Amino acid sequence: MDFASLMKSQIAASDVSAKDSGKKYLKRSEIEAQRQQAYAREQEEAERARVERLDKKRKRDDDEAARNAAREEKRRRLAEESKLRQ
């Protein structure tokens, strides 16, 4: 490919992106609305991540409690068996 064809393809690509934006200038209210939408999206993602972390922590705590209960039950059972042998 020569330089001219590369430049044409680059110009065509940039024209498409310029047409997608629609307007050259934005009102302050539009910018503020976009900012608020982005903020709301970020807050939702942060909340979703927080809930996910809490769920994982709760699951780990439940698993640990179950292991501790099993360990205590085994300890109690072994203590009873040792008393019966004596």
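Just above sits the structure.
Throughout what follows, the structure given in this document is the object of discussion. Note that this is a predicted model, so its numbers are computed, not measured. (Residues numbered from 1 in each chain as written. Predicted model: local features only at pLDDT ≥ 70, side-chain atom pairs only at ≥ 80, totals over all residues. Heavy atoms only, no water.)

Helix and strand counts for the chain come out as two helices and zero strands. For the chain, with 86 residues in total, the buried portion stands at 0%. Of the roughly 8,400 Å² of accessible surface on the chain, 54% is carried by carbon and sulfur atoms. (Helix = DSSP H or I, 4+ residues; strand = E, 2+ residues; numbered from the N terminus. Buried < 20%, exposed > 50% of the residue type's maximum accessible area, 1.4 Å probe, protein only. Areas by Shrake-Rupley, 256 points an atom, 1.4 Å probe, with all protein chains shown as cover.)

Applying the stated criterion to the full structure yields ten salt bridges. The salt bridge involving Glu52 is made with Lys56; its shortest N-O contact spans 3.5 Å. Here the residue Glu52 and the residue Lys56 both occupy positions in helix H2 (residues 28–85), the gap between them amounting to four residues, near one helical turn. When its relative accessible area of 48% is taken as the criterion, Lys56 is described as partly exposed. When the shortest N-O distance is used, the salt bridge between Asp61 and Lys57 registers 3.2 Å. You can see Asp61 and its partner Lys57 sitting in helix H2, four residues apart, about one turn around the helix. The partly exposed category is assigned to Asp61, whose relative accessible area is 37%. (Salt bridge = Lys/Arg side-chain N within 4 Å of Asp/Glu carboxyl O.)

Where nonpolar side chains cluster on the molecular surface, the patch consists of Phe3, Met7 and Ile11 and spans about 320 Å² of accessible area. Mapped onto the fold, Phe3 is located in helix H1 (residues 3–21). (Patch = residues over 30% accessible without salt bridge, like charges linked within 9 Å, V, L, I, M, F, W, Y side chains within 5 Å.)

All we've got here are geometric facts, nothing functional implied.
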